[in-house]
Amino acid sequence: MTADLTSGAQPTRTGTEAADERLVLIERWAERHGIDAARRLAAAEDLADAVAAEITPDNTTDTYVSRGGCGPGSA
C-alpha cells in the first residue's frame, strides 16, 4: 500500500492500524526528503518486506520461542 504523493490531497486513512502507520511514515518521509525520495523509500521498504517473507523459513517463529533454561531472558 502506498500513499498518493502526486496530488496535494491528504491520503485517506484505511482504518487498519498498520496501514495508517505506514501512511504517516510515508508522509513524514515526503516532508523531510521530498516526494520522489518518499516513493523510493516506500518501494525499498516493500521490496525488503517481500524479500524477508521469501527467505524466512516457515518454522522460524518456533525456532526462537523461549522454552526456559539458558538463553536470552533467563536468569
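Residues numbered from 1 in each chain as written. Predicted model: local features only at pLDDT ≥ 70, side-chain atom pairs only at ≥ 80, totals over all residues. Heavy atoms only, no water.

### As for the nonpolar core
For step 1, the next point in the chain: Ile26, Trp29, Ala30, Ala38 and Ala42 together form the largest nonpolar core, which totals five residues.
For step 2, the next point in the chain: Elements with a minimum of two residues in this core: helix 1 (17–33) and helix 2 (35–55).
For step 3, the next point in the chain: A per-element tally of this core places helix 1 first, with three residues.
For step 4, the next point in the chain: Ignoring sequence-local partners within four residues, the contact set of tryptophan 29 consists of Gly34, Ala38, Leu41, Ala42 and Glu45. (Core = buried A, V, L, I, M, F, W, Y, C linked by side-chain atoms within 4.5 Å. Buried < 20%, exposed > 50% of the residue type's maximum accessible area, 1.4 Å probe, protein only. Helix = DSSP H or I, 4+ residues; strand = E, 2+ residues; numbered from the N terminus. Contact = heavy atoms within 4.5 Å.)

### Here we look at helix 1
For step 1, the next point in the chain: Between the first and last C-alpha of helix 1 there are 24 Å, a value that for 17 residues agrees with the 24 Å anticipated at 1.5 Å per step.
For step 2, the next point in the chain: Every buried residue of helix 1 is listed here: Ala19, Asp20, Arg22, Leu23, Ile26, Glu27, Trp29 and Ala30.
For step 3, the next point in the chain: Elements in contact with the buried residues of helix 1: helix 2.
For step 4, the next point in the chain: Backbone geometry just downstream of helix 1 places glycine 34 in the positive-phi region, at approximately 100 degrees. (Expected span 1.5 Å × (residues − 1).)

### Things to note about the packing of helix 1 against helix 2
For step 1, the next point in the chain: Their axes nearest at 7 Å, the elements helix 1 and helix 2 cross at an angle of 140 degrees. Relative to helix 2, the element helix 1 is oriented oblique. Both helix 1 and helix 2 take part in a crossing whose hand is right-handed. Counting all contacts with helix 1, which are made through Arg22, Leu25, Ile26, Trp29, Ala30 and His33, the residues of helix 2 involved are Ile35, Ala37, Ala38, Leu41, Ala42, Glu45 and Asp46.
For step 2, the next point in the chain: Grouping the constituent residues of the contact of helix 1 with helix 2 by class yields nine nonpolar, one polar and three charged. (Axes fitted to C-alpha atoms, helices over the stretch in contact; angles between N-to-C directions. Parallel < 35°, antiparallel > 145°, perpendicular 65-115°, else oblique. Left-handed = near helix turned anticlockwise from the far one by under 90°. Nonpolar A, V, L, I, M, F, W, Y, C, P; charged D, E, K, R; others polar.)

So far we have only geometry, and geometry alone does not tell us how the molecule works.
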